[in-house]
Amino acid sequence: MTLAAQSFFGLDIGSHTIKVIQLARSGKDHILTNVGLIPTPAGATVSDSKMDQQALIQAIKKLLHEAQITSPYAVV
């Protein structure tokens, strides 16, 4: 299966929320298969501290799990 035939997910890291969608190719079209959002940890998008970076990483992992994102291909 080629990458063009695979599903992929889009990730948007905003200052208030982190959003994710998963799309799957169906012929020439794409189908929305999963969607989710979670609050962005306070300060995580403006801080360079390791603690804030870890909080952001954990939030993204939690979101991907809760939204049942299965594709390894991301569009950020």
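See the structure shown above.
Summary of the structure given here. (Residues numbered from 1 in each chain as written. Predicted model: local features only at pLDDT ≥ 70, side-chain atom pairs only at ≥ 80, totals over all residues. Heavy atoms only, no water.)

1. Brief notes about the environment of S26
Right, so step 1: Secondary-structure assignment places S26 in strand β2 (residues 17-26).
Right, so step 2: Spatially, the C-alpha atoms of S26 and G36 are 21 Å apart, while their sequence positions differ by ten residues. (Helix = DSSP H or I, 4+ residues; strand = E, 2+ residues; numbered from the N terminus.)

2. As for a nonpolar patch on the surface
Right, so step 1: Residues I21, L32 and V35 make up a contiguous nonpolar surface patch of about 270 Å² in total accessible area.
Right, so step 2: Look at L32 and you get exposed, because its relative accessible area is 52%. (Patch = residues over 30% accessible without salt bridge, like charges linked within 9 Å, V, L, I, M, F, W, Y side chains within 5 Å. Areas by Shrake-Rupley, 256 points an atom, 1.4 Å probe, with all protein chains shown as cover. Salt bridge = Lys/Arg side-chain N within 4 Å of Asp/Glu carboxyl O. Buried < 20%, exposed > 50% of the residue type's maximum accessible area, 1.4 Å probe, protein only.)

3. Structural notes on the side chain of Q22
Right, so step 1: One can find Q22 in strand β2.
Right, so step 2: A distance of 2.9 Å separates a polar atom in the side chain of Q22 from the backbone nitrogen of T70.
Right, so step 3: Apart from residues no more than four positions distant in its own chain, Q22 is found in contact with S7, F8, F9, I31, L32, T33, N34, Q68, I69, T70 and S71. (Polar contact = N/O pair within 3.5 Å; in protein donor to acceptor, adjacent residues only side chain to side chain. Contact = heavy atoms within 4.5 Å.)

4. Some thoughts on the sheet that holds β2
Each strand in a sheet pairs with its neighbour through backbone hydrogen bonds, running either in the same direction (parallel) or in the opposite one (antiparallel).
Right, so step 1: Reading across the sheet, the four strands line up as β3-β2-β1-β4 and stay open at both edges, with mixed pairing between neighbours. Strand pairing shows two members of the sheet lacking a second neighbour, β3 (29-39) and β4 (74-75), which therefore form its edges.
Right, so step 2: Examined bridge by bridge, strand β1 (residues 7-13) and β4 share two bridges and lie parallel to one another. In the sheet register, F9 faces β4, and the bridge partner there is A74.
Right, so step 3: On the sheet, helix α1 (residues 50-66) packs against β1, β2 and β3 and is oriented at approximately 40 degrees with respect to β2. (Pairing = 2+ DSSP bridges. Axes fitted to C-alpha atoms, helices over the stretch in contact; angles between N-to-C directions.)

5. Structural notes on the pattern of salt bridges
Pairing between side chains becomes possible if they bear opposite charge and their charged atoms approach one another.
Right, so step 1: The final tally for this structure, using the stated rule, is two salt bridges.
Right, so step 2: We note a salt bridge from K19 to D12, for which the minimum N-O separation is 3.1 Å.
Right, so step 3: Given the relative accessible area of 28%, K19 is considered partly exposed.
Right, so step 4: Measuring nitrogen to oxygen at the nearest pair gives 3.9 Å for the salt bridge that ties E66 to K62. Of the two residues, E66 and K62 are both situated in helix α1; the distance of four residues between them amounts to about one turn of the helix.
Right, so step 5: The class of K62 is partly exposed, set by a relative accessible area of 45%.

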